[in-house]
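# Fold and geometry: a report
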Amino acid sequence: MQNTLKAMSTVCGWVILFRVVITFLNRWILWMIPAEFDVIFSGLLELSNGCIALNTIENIYFRYIAASFMLSFGGLCVGMQTVSVCHNISSKIYFLGKTLQSLISIPLSMIVGAILFPGNDLSAIIGGILFVVMLSGLVLLKNSKNYSGKLAINHV
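Just so you know, the residues in each chain are numbered from 1, in the order the chain's sequence is written. Totals for whole chains, interfaces and linings use all residues, but because this is a predicted model, local features are given only for residues with pLDDT of at least 70 and pairs of side-chain atoms are given and counted only at 80 or more. The side-chain figures draw on all heavy atoms in the structure; neither hydrogens nor water molecules are used.

Counting residues in hydrophobic clusters, the biggest one holds nine residues: Val39, Ile40, Leu47, Leu54, Ile57, Ala66, Ala67, Phe69 and Met70. Contributions of two or more residues to this core are made by helix H2 (35-45) and helix H4 (60-73). Top element by residues in this core is H4. It accounts for four residues. Note on contacts: a residue pair is in contact if any heavy atoms of the two residues lie within 4.5 Å. The residues touching leucine 47, leaving out its near neighbours within four places in the chain, are Met70, Leu71, Gly74 and Gly75. We define a nonpolar core as any set of buried Ala, Val, Leu, Ile, Met, Phe, Trp, Tyr and Cys residues linked to one another through side-chain atoms lying within 4.5 Å. Relative accessibility under 20% of the residue-type maximum defines a buried residue, over 50% an exposed one, and the middle range a partly exposed one, all with a 1.4 Å probe and only protein chains included. One finds Ile22, Leu25, Leu30 and Cys77 within the second-largest nonpolar core, a separate group that totals six residues. A run of H or I in DSSP becomes a helix once it reaches four residues, and a run of E becomes a strand once it reaches two; helices and strands are each numbered from the N terminus.

Moving on to the state of the cysteines. Every disulfide links exactly two cysteines, by a covalent bond between their sulfur atoms. Pairs of cysteine sulfur atoms within 2.5 Å are what we label disulfides. All chains considered together, the criterion is met by zero disulfides. The structure places no disulfide on cysteine 51, whose sulfur is separated from the nearest cysteine sulfur, that of cysteine 77, by 13 Å. Judged by its relative accessible area of 29%, cysteine 51 is partly exposed.

Let us look at the environment of glutamine 101. Of note, glutamine 101 is situated in helix H6 (residues 91-116). On the accessibility criterion, glutamine 101 (39% relative accessible area) is partly exposed. Measuring from C-alpha to C-alpha, the distance between glutamine 101 and threonine 23 comes to 27 Å, with 78 residues separating the pair along the chain.

This next bit is on the packing of aromatic side chains. Pairing of aromatic rings covers Phe, Tyr and the six-membered ring of Trp, with a centre-to-centre limit of 6.5 Å; geometry is then stacked below 30 degrees between planes, edge-to-face above 60, and tilted otherwise. For the structure on display, the rule yields four aromatic pairs. Ring geometry for tryptophan 14 against phenylalanine 18: centres 6.1 Å apart, planes inclined by 40°, an arrangement best described as tilted. Of this pair, tryptophan 14 and phenylalanine 18 both sit in helix H1 (residues 2-28), four residues apart, roughly one helical turn. The partly exposed category is assigned to tryptophan 14, whose relative accessible area is 22%. For phenylalanine 18, a relative accessible area of 8% puts it in the buried group. Ring geometry for phenylalanine 73 against phenylalanine 95: centres 6.4 Å apart, planes inclined by 35°, an arrangement best described as tilted. Of this pair, phenylalanine 73 sits in helix H4 while phenylalanine 95 sits in helix H6, placing them 22 residues apart in sequence. A network of ring pairs unites the aromatic residues Phe73, Tyr94 and Phe95 as a single cluster.

So far we have only geometry, and geometry alone does not tell us how the molecule works.
Here it is as structure tokens:
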């Protein structure tokens, strides 16, 4: 029971902390930037606040991409909750993985969004190119590792 209460208070503490930070930033800083970037920034800090604010983005295609990006990253608050409760997870590996996941979601969302919301053909082409470039980079990175999993350094 004590472990359960400790985990619940840790998770709730992170939610309250990030809500206070977002409220402070909205009051003193974020009002100066365009609404689209405010929504994405809020979503990167705390996912549910960003998702609630998505309706302030008028362009439905951009709203779709922003939602995909925020949902794939999960928010810094969710990440801190996860790392705090699951002690065997490295925060560095967790956030690198979430960042990679969210970066991959952007070009995929551009492609799918162009199908769902016609009139964004150029974005679909750009998204496809970005996805192929990112996938190629990942394959090259994977092939440049030696058997220990560390990057091989070739000395000249």
